[in-house]
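Chain by chain, the residues run as shown.
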Amino acid sequence: MASRNSSKPKLIGVVGVGSFGTAIANMLAEKNEVMVYARKQEVVEEINSNHTASGKSLNPAIRATFSPEEISASCNVLFFMIPSAAFVEVAQTFAPFLHPYHLVIHGTKGLALNLPKGESLDEVKKLHRSQILTMSEVILQETVAVRVGCLAGPNISKELSQGQPAATVIASKYNEVILEGQRLLRSERFQVYGNSDIIGVELSGVLKNIIAIAAGALAGLGLGENAKGLLISRGMVEMVHLSKALGGSVQSVIGLAGIGDLVTTCNSVDSRNFTVGYRLAKGESLDQILDSMEEVAEGVNTIRIIDAFIKTVGIRAPITENLHRVLFEDLSIEEALQFLMKYPFSVDVDFV
């Protein structure tokens, strides 16, 4: 097994080859040798023989493996690009092979739950902050990795794959993680900012998915730019209050990972969360929509978790609350919109 100090140059690892993982792997491969991990043997074989992952093009120099041990031994830096629903399981799978010298940067905009074994969210009477895990908290809980970072921002995979200009934020408590992430990813087409507030950056990426579902619903109802502007600005205020309640900073929400990603996702037909809201407004059921989507819309699970949290701590988040009622309690989108239009917001900005 390769040791940390072996003279052979280390590869950069990407765990997960969905649309975002594939885009990041290709960007990394412009300057580095890259190895990707996929759980299915047929996907690994497709990558190594055809240089595609589920039909998406991969740089021919990228090698694939389905061995967590091999990629962990070959790479000191690992980018975890997996849906939040699979994140805990993948972290546990990798745990025996990760060491404190590994540097782990994830790009997952979702939350996990830390509940007693066998208990589900439906059975929980109260949901406290200690029971909600961001993805960096999952890595720290499940593995011995210490130097953990997060990648967030307006990064629609399709545009990244086309080489269109974009930017991201690498957040970490460790400056070394930010600098390494910038070194690996920064290019003429891709700017990489740093932020030490990893929780705030993670929460920004998570919470904007809620507002993106609402934006899709507005578009599906055929409502105009005034309504969208109203939603984005009120959505940002709601994100700030929720982020503060969960331990993030205001600054991160009004930065690239928050407002930057929010504006992008609320205007993008390529956003999975926007698509969920749009199709709901067109009359489809949530089950119909989710069954037909290839990749996960993280905002649906986020709404369930945040709604349980705000009921526990007693704060109001009207957009989240009403979307929960639409998704899980049979409230119509039209009724939710009427409720929000009548909601007694009296102050425009109350967090600065």
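Residues numbered from 1 in each chain as written. Predicted model: local features only at pLDDT ≥ 70, side-chain atom pairs only at ≥ 80, totals over all residues. Heavy atoms only, no water.

Draft legend 1. Inspection of the overall build of the protein at higher detail. Looking only at helices and strands, one finds 16 helices and 12 strands in the protein. Relative to the compact-globule value of 20 Å for 352 residues, the protein shows a C-alpha radius of gyration of 20 Å, a close match. Taken along the three principal axes of its C-alpha coordinates, the protein extends 65 × 40 × 35 Å. For the protein, the proportion of its 352 residues judged to be buried stands at 55%. Sequence separation of at least 24 residues holds for 70% of the intrachain contacts in the protein that already meet a minimum separation of 6. Surface summary for the protein: the accessible area is close to 15,900 Å², and the carbon and sulfur share equals 51%. (Helix = DSSP H or I, 4+ residues; strand = E, 2+ residues; numbered from the N terminus. Rg over C-alpha atoms; globule rule 2.2 N^0.38 Å. Buried < 20%, exposed > 50% of the residue type's maximum accessible area, 1.4 Å probe, protein only. Contact = heavy atoms within 4.5 Å. Areas by Shrake-Rupley, 256 points an atom, 1.4 Å probe, with all protein chains shown as cover.)

Draft legend 2. The layout of surface pockets, seen in detail. By volume, the largest pocket is sized at about 1,400 Å³. Every residue lining the largest pocket is counted, 44 residues in all, and those nearest its centre are Gly18, Ser19, Arg272, Glu295 and Val296. Going through the elements one at a time, helix H1 (19-28), helix H4 (84-94), helix H6 (157-161), helix H8 (198-220), helix H11 (256-266) and helix H12 (272-281) are the ones with two or more residues in the lining of the largest pocket. Tallying contributions element by element places H12 first for the lining of the largest pocket, with four residues. Residues that form the lining of the largest pocket fall into these classes: 15 nonpolar, 16 polar and 13 charged. If you add up the space inside the second largest pocket, you get close to 440 Å³. Among the secondary structure elements, those contributing two or more residues to the lining of the second largest pocket are H4, strand S8 (111-113) and helix H14 (298-313). Top contributing element to the lining of the second largest pocket by residue count: H14, with four residues. Of the residues in the lining of the second largest pocket, the class split is 12 nonpolar, two polar and four charged. (1 Å grid on protein atoms, 1.4 Å probe; cavity = no way out; pocket = protein on both sides within 12 Å on 5 of 7 lines; lining within 4 Å. Points joined across faces, edges and corners; volume = space filled by probe spheres on them. Nonpolar A, V, L, I, M, F, W, Y, C, P; charged D, E, K, R; others polar.)

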